[in-house]
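Descriptive analysis of the structure
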Amino acid sequence: MIVVCGEVLIDLVPDGTGGYRARPGGAPANVAVGLGRLGIEVGLLGRLAGDRFGALLREHLLSSQVSLALAVHSTAPTTLAVVHLDPAGVPAFDFYIDGCADGGWRAEELPAALPPGGALHLSGSLALPVPSMGEVLEGLATRARGDRLVSFDPNIRPSLIRDGSGVTARLRRWLGLADIVKASEADIDWIAPGQPVETVARSWRELGPTLVVVTRGEKGVHAAGPAGPVDLAGVPVRVVDTVGAGDAFMSGLLAALERGGWLSRPGLAGLGAGELTGALSYAQRVAASTCARVGADPPWLAELADR
């Protein structure tokens, strides 16, 4: 089982009439949903509220084949993100965390151990800038790393960052824990402004990850893997919005690596350029499908097969 750990929240997405529509979201939840819909065994370790939004999130996750056996019940209300879209459909977020489910992570709530084998995926969107959450998840990843491959998406949310040096320090530690890192070009612009993505990916590999992938939207994707760099052009798509596109790419990449038998440290170390190209191409297809519809709504395996 792939265990995805982190926030589960509601995205309030513009409805085109000046109002908002409530949609399930949260980067880790989106990745878990993407994996479940692609037929990969996945569980979510997140804090789910008992309110109406929490019920909506549970239904969404379970209907997408995501196990909630590891989920924690929270008496606080559901975390919210208000989504703002620019003319190109690129989102920005205002988060409401304090006093909500994801503002109250505690180590004692977590399971004593994760199921054996598989991978652990972490997102930095809330965990990097929210100290209480970051400390708990960092401890979990440190303990789990002996038994599990770790993947990590920094998913930087600048509007949440109050302590830039603290976020940078935690980011560097998490890079050292990870076997796979996926970042966007926007993440790189915040983390290492002015540096080429190729340079950053190469330098991150020196910190420990076997595979570093940088998504570049319509410009494609760059990856630094064990067999050297790989670059792919972008996939043409009529974009509705890009909400959840990076999460969909992450789920597609993990699914492709799992199906190919590469989602382990020995498997990842033997990943050739051709196999990596195939995995990245699959992840691009999953992300493109998500961009073609409203919100974080990743495709089902049958939909990809139909195309």
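See the structure shown above.
Residues numbered from 1 in each chain as written. Predicted model: local features only at pLDDT ≥ 70, side-chain atom pairs only at ≥ 80, totals over all residues. Heavy atoms only, no water.

1. Observations concerning the overall build of the protein chain
Secondary structure assignment for the protein chain yields 11 helices and 15 strands. Computed over C-alpha atoms, the radius of gyration of the protein chain comes to 18 Å, within 12% of the 19 Å expected from 2.2 N^0.38 for 307 residues, which places it in the range of a compact globule. Each principal axis of the C-alpha atoms in the protein chain carries an extent, and together these give about 50 × 45 × 40 Å. Long-range pairs, those at least 24 residues apart, make up 70% of the contacts in the protein chain between residues at least 6 apart in sequence. Averaged over its 26 positive side-chain charges, the protein chain has a centre that lies 2 Å from the centre of its 32 negative ones. (Helix = DSSP H or I, 4+ residues; strand = E, 2+ residues; numbered from the N terminus. Rg over C-alpha atoms; globule rule 2.2 N^0.38 Å. Contact = heavy atoms within 4.5 Å. Lys, Arg positive; Asp, Glu negative; His and termini not counted. Charge placed at Lys NZ, Arg CZ, Asp CG, Glu CD.)

2. Some words on the state of the cysteines
Enumeration according to the criterion identifies 0 disulfides in this entry. Cys-100 takes part in no disulfide bond, and the closest cysteine sulfur, belonging to Cys-5, lies 18 Å away. (Disulfide = S-S within 2.5 Å.)

3. Quick word on the environment of Leu-110
Relative to the assigned elements, Leu-110 resides in the loop between strand S9 (91-96) and strand S10 (119-123). A C-alpha to C-alpha distance of 9.3 Å links Leu-110 and Gly-46, two positions 64 residues apart in sequence. Other than its neighbours up to four places away in sequence, Leu-110 contacts Leu-45, Trp-105, Val-136, Leu-140 and Arg-143.

4. Comments concerning the side chain of Glu-185
Looking at the element boundaries, Glu-185 is found in helix H6 (residues 185-191). In this view, Glu-185 contacts Val-197, Val-214, Thr-215, Arg-216 and Lys-219; residues no more than four positions away in its chain are not counted.

5. Observations concerning the pattern of salt bridges
Tallied over the full model, the rule gives 14 salt bridges. Measuring nitrogen to oxygen at the nearest pair gives 2.5 Å for the salt bridge that ties Arg-170 to Glu-138. Here Arg-170, found in helix H5 (residues 164-177), pairs with Glu-138, found in helix H4 (residues 131-144); they are 32 residues apart in sequence, far enough to count as distant. Taken as a pair, Arg-170 and Glu-138 share a single burial class, namely buried. Residue Asp-179 pairs with Arg-265 through a salt bridge whose shortest N-O separation is 2.9 Å. Highlighted residues: Asp-179 in the loop between H5 and strand S12 (180-184) and Arg-265 in helix H9 (residues 265-269), separated in sequence by 86 residues. Here Asp-179 falls in the buried class, since its relative accessible area comes to 3%. Classification of Arg-265 by relative accessible area gives partly exposed; the value is 30%. Put simply, Arg-37, Arg-293, Asp-297 and Glu-303 are held in one network by salt bridges that share partners. (Salt bridge = Lys/Arg side-chain N within 4 Å of Asp/Glu carboxyl O. Buried < 20%, exposed > 50% of the residue type's maximum accessible area, 1.4 Å probe, protein only.)

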